[in-house]
Amino acid sequence: MGLTRQYLRYGPAALFGLVASARGNAAFVALRGERGRCVAVPACEHVFVWDTRKGEKVLILKGLKQEVSCLCPSPDGLHLAVGYEDGSIRVFSLLSGEANVTFNGHKAAVTALQYDHLGGRLVSGSKDTDVIVWDVINESGLYRLRGHKDAVTQVLFLKEKNLLVTSGKDTLVKWWDLDTQHCFKTLVGHRTEVWGMALISEEKRLITGSADSELRVWDITYIQEVKDPDEPESKKSKGSSPGAEENAEEDETLELDEHPEERLVKCSKVGSIMREGRDRIVTLATDRTGKILACHGTDAVLEVFSVLSEEEVQKKLEKKMKKAKKKAKQNSEEEPERSVELSLQDEIQRVANVRASSKIKSFDLILSPKGELKIVLLLQNNIIELYNLNLSAQVPQAVRASRITIGGHRSDVRTLAFSSDNIAILSAAAESVKIWNRLTLQCIRTMDCEYALCSLFVPGDRHVIVGTKTGKLQLYDLASGSLMETLNAHDGAVWSIALSPDQRGFVTGGADKCVKFWEFELVKDESSVQKRLSMKHVRILQLDEDVLCVRYSPNQKLLAVSLLDCTVKIFYIDTLKFFLSLYGHKLPVLCMDISYDGTLIATGSADRNVKIWGLDFGDCHRSLFAHDDSVMYLQFVAKSHLFFTAGKDSKIKQWDADKFEHIQTLEGHHQEVWCLALSPNGDYVVSASHDKSLRLWERTREPLVLEEEREMQREAEYEESVAKEEQPVVAGETQGEIGLAGKKTIETIKAAERIMEAIELYREEMAKLMEHKAVCKAAGKEVPFPVNPILRAYGNITPSAYVLEVFKKVKSSELEESLLVLPFSYVPDLLRLFNEYIHLGLEVELLCRALLFLLKIHFGQITGNHMLVTVIENLKKTTISRVSEARDVLGFNMAGLQYLKREIEAKDEVTFFADATDRFEEKKRKRKKKEKMVLAVL
């Protein structure tokens, strides 16, 4: 076998040019205990935490491959739950930036995340219509709730009751009782999708937002199940609820027919608040205190409302009563006791509208104790804006405190270029040209431009030229960051620009069917003594079709021009005479490049193919199916016949033009890749995509063998197909409203295989031990027993202890799914081992969880097996005694902690932690007030 050709692997080096992705939501996070300063935003597969005061990135929570779709900080502010496009959820620590826990349960993107008020449980809603409740402390899934018929849009825990409210695109709002895990109520008062939902007034009101400009308000009444005799009274209160509309009455009749035990909550519509926006709600949310409600549609306006507390409502009501009495006296009416009622608009008041500089994608609010509202807005065009709103002012006005913009373009980058020293990177979009330092990834220059389509660094790297959509060529000086000259080059868009190999000029191709040749020249400015760089038009080549791409051959003898008629024409440069026509693509050639030795030309087309041609005779060497969508950019690596292509299928691929082999795929972008640029030394590739990100790829020293690469690709495809397979089911169970939280993944299969291997090793070792005993008995002396190398590696442990070690290593979130795919033939051995472990008091909690799950899924087979009857009996005895012991220990510890708490409180005469800090803050505020008063008097 001959030597296989080795290539060097390109790997991801950095992601830059991105402030925030518009896919997920922004959220305030408390770093180092300071609230309202740092904000977490999605950035493709990562999460960036920005310091809004300094405009700096303070933390990057690194993701894997999938795009972030949802964020939710924990109530204690120490963790951040992140939902991804593939349905996985990872919980990051904000102190270390590490992902501690991963939950796999959803089959599609996570659309909603919410912690309960203690932070012990996390609920997630997804596009796959399921709602899953997770136990964050035990790192496992509790249960899956099925009921919605379309994507879930919002999920909310109730503080007081163990209830959950979910809304979906199926127009329904569902109430779930988490004690019994069933949906006991569905609100059907919406005609369109319910896009947002919020609880206000101490969870006595629910506000829902849908596709119209109406915010529907629902009154929530909690019905006490215990008091049976009071039933008629509750009916009476139902009738008296103000503003009950037809659907509420229908609801009432439905509820009366229900069984009393199912009646936990009564929900009736009390009216609606009108928004100014005419389109659908995008985000509807309250701040943590529930005093402020805000919402926005698909436009650039955030509407802020204030929710009055009960005392404030009572005060308002008293004022109204006084006014009514006054009026009655003036009109000398007999009956001043007219009914005075507050309208919904009085209870939920409009505060202000915040107008952002572009479309809002999401927001977060934080209300400071001083009454100042901080609002962070994540905008569609790669900007984060922070606004302050003083609520105590007579007319509250939103003031923009800061905005983070410098780290990226407002629109998609359409052209990239590398400087000749491999250090500077140029990126240009519809509004600006930016120059980046490749080493630090900092933006060092930003210059305004028109809609850029192509660009190049002028030899010497002190100037850049940008070709625009309007047909202009713009020349910039990098030292001053100023526009030096604008030339009207073409009557249509300048689609392509190429530097001549002798570096004295360049050529441009445009939509006006012309190829124009330009030379650099130094001209004298009237204003200054020094000469400055300019461009001089020297020749023109008129063609019959729009020019899409132009390229010089390295010896400067030939010029390749790609036209809108799907052909590539080759011309002699000196005479501009026609030489060759490369015909074969079915759609126009969007990009092409000529190799360093001038022997090959590679063309990439909108027909998804790349063709490699010889430049001597114009013969097609090979046609390769390159991408699943249009090939947008193509460039050869310096001094080689390897080239890169970028496609609208969000992939970048490397090819060998001699062997016609696909070498590797660079995956990372989440949407169409518009362009790429290779550094002159071939060590770096930079690419730009519709996901607003710029990515840098670096050539490593790691060799890449094609056979191994193909093998890895096949493995990845298999792992992907495993997750898409039918999920394992529990025998005899029908698909109901509740299901298991986890899902089958390659990790759960591997965990099950490890358990199987451990049990097989245990069986073999036990058989060997029996044989050894028999041999010793026959010989009448102790014969040395060979220890298994695996057990020796673990420190000469027993086979049963090895099984426990393997079992402990299974991730808590994957335990149930791993046991579900475990064949029943291994279960009897497991049960016997469990009995042994629990008897010794080892890992009681973990083993009880696994034991109960195995009994649930294999109940029929276990109870029908006579061999296991004694095992189950023994397990029953040992388990009950050990669990009660564990419970006693917990009870004792709890009592001890309660005692310590009482002791400390009695000693310091302060209530515990939270209240103590509140008191401290109050004292601080009073002291400041006093100081101000003293200063005012002085």
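These numbers come from a predicted model, not from an experiment. (Residues numbered from 1 in each chain as written. Predicted model: local features only at pLDDT ≥ 70, side-chain atom pairs only at ≥ 80, totals over all residues. Heavy atoms only, no water.)

Taken together, the side chains of K315, K319, K322, K323 and K327 present a region of like positive charge at the surface. The exposure class of K315 is exposed, given its relative accessible area of 60%. (Patch = residues over 30% accessible without salt bridge, like charges linked within 9 Å, V, L, I, M, F, W, Y side chains within 5 Å. Areas by Shrake-Rupley, 256 points an atom, 1.4 Å probe, with all protein chains shown as cover. Salt bridge = Lys/Arg side-chain N within 4 Å of Asp/Glu carboxyl O. Lys, Arg positive; Asp, Glu negative; His and termini not counted. Charge placed at Lys NZ, Arg CZ, Asp CG, Glu CD. Buried < 20%, exposed > 50% of the residue type's maximum accessible area, 1.4 Å probe, protein only.)

In this section: the pairing of strand β51 (residues 642-647). Of all 6 residues making up β51, 6 are buried, and the element is well covered by its neighbours. Of the two faces of β51, the one holding L642, F644 and A646 and the one holding F643, T645 and G647 are both buried throughout. One ladder, built from 5 bridges, connects strand β50 (residues 631-636) with β51; its direction is antiparallel. Following the sheet pairing, Q635 is matched in β51 by F644. The hairpin formed by β50 and β51 contains 5 residues between the paired strands, and K639 there has a positive phi angle of roughly 55 degrees. (Helix = DSSP H or I, 4+ residues; strand = E, 2+ residues; numbered from the N terminus. Pairing = 2+ DSSP bridges.)

Let us look at the environment of I220. When you line up the elements, I220 lands in strand β20 (residues 214-222). When the C-alpha atoms of I220 and C267 are compared, they prove to be 4.7 Å apart, with 47 residues separating the residues in sequence. Other than its neighbours up to four places away in sequence, I220 contacts W175, L199, E203, K204, R205, L206, V265, K266 and C267. (Contact = heavy atoms within 4.5 Å.)

This next bit is on a nonpolar patch on the surface. Nonpolar side chains collect at one region of the surface, where M894, L897, Y899 and L900 lie side by side and expose about 440 Å² of accessible area between them. Residue position: Y899 is located in helix α13 (residues 869-908).

We now examine the nonpolar core. In terms of nonpolar packing, the biggest core is built from 36 residues, with F807, L819, L830, L831 and F834 touching the most fellow members. Contributing elements (two or more residues each) for this core: α6 (746-779), α8 (799-809), α9 (815-820), α10 (827-840), α11 (844-857) and α13. The dominant element in this core, judged by the number of residues it contributes, is α10, at 7 residues. Those residues in contact with L831, other than ones at most four positions away along the chain, are L851, I862, L868, V871, I872 and L875. One finds L15, A26, I384 and L386 within the second-largest nonpolar core, a separate group that totals 18 residues. (Core = buried A, V, L, I, M, F, W, Y, C linked by side-chain atoms within 4.5 Å.)

Across the 6 residues of strand β6 (residues 68-73), 6 count as buried, placing the element largely inside the fold. The pairing of β6 with strand β7 (residues 79-84) spans 5 bridges and is antiparallel. Across the sheet, C70 pairs through a bridge with G83, a residue of β7. Between the antiparallel neighbours β6 and β7 lie 5 residues, among them G77 with a positive phi of about 75 degrees.

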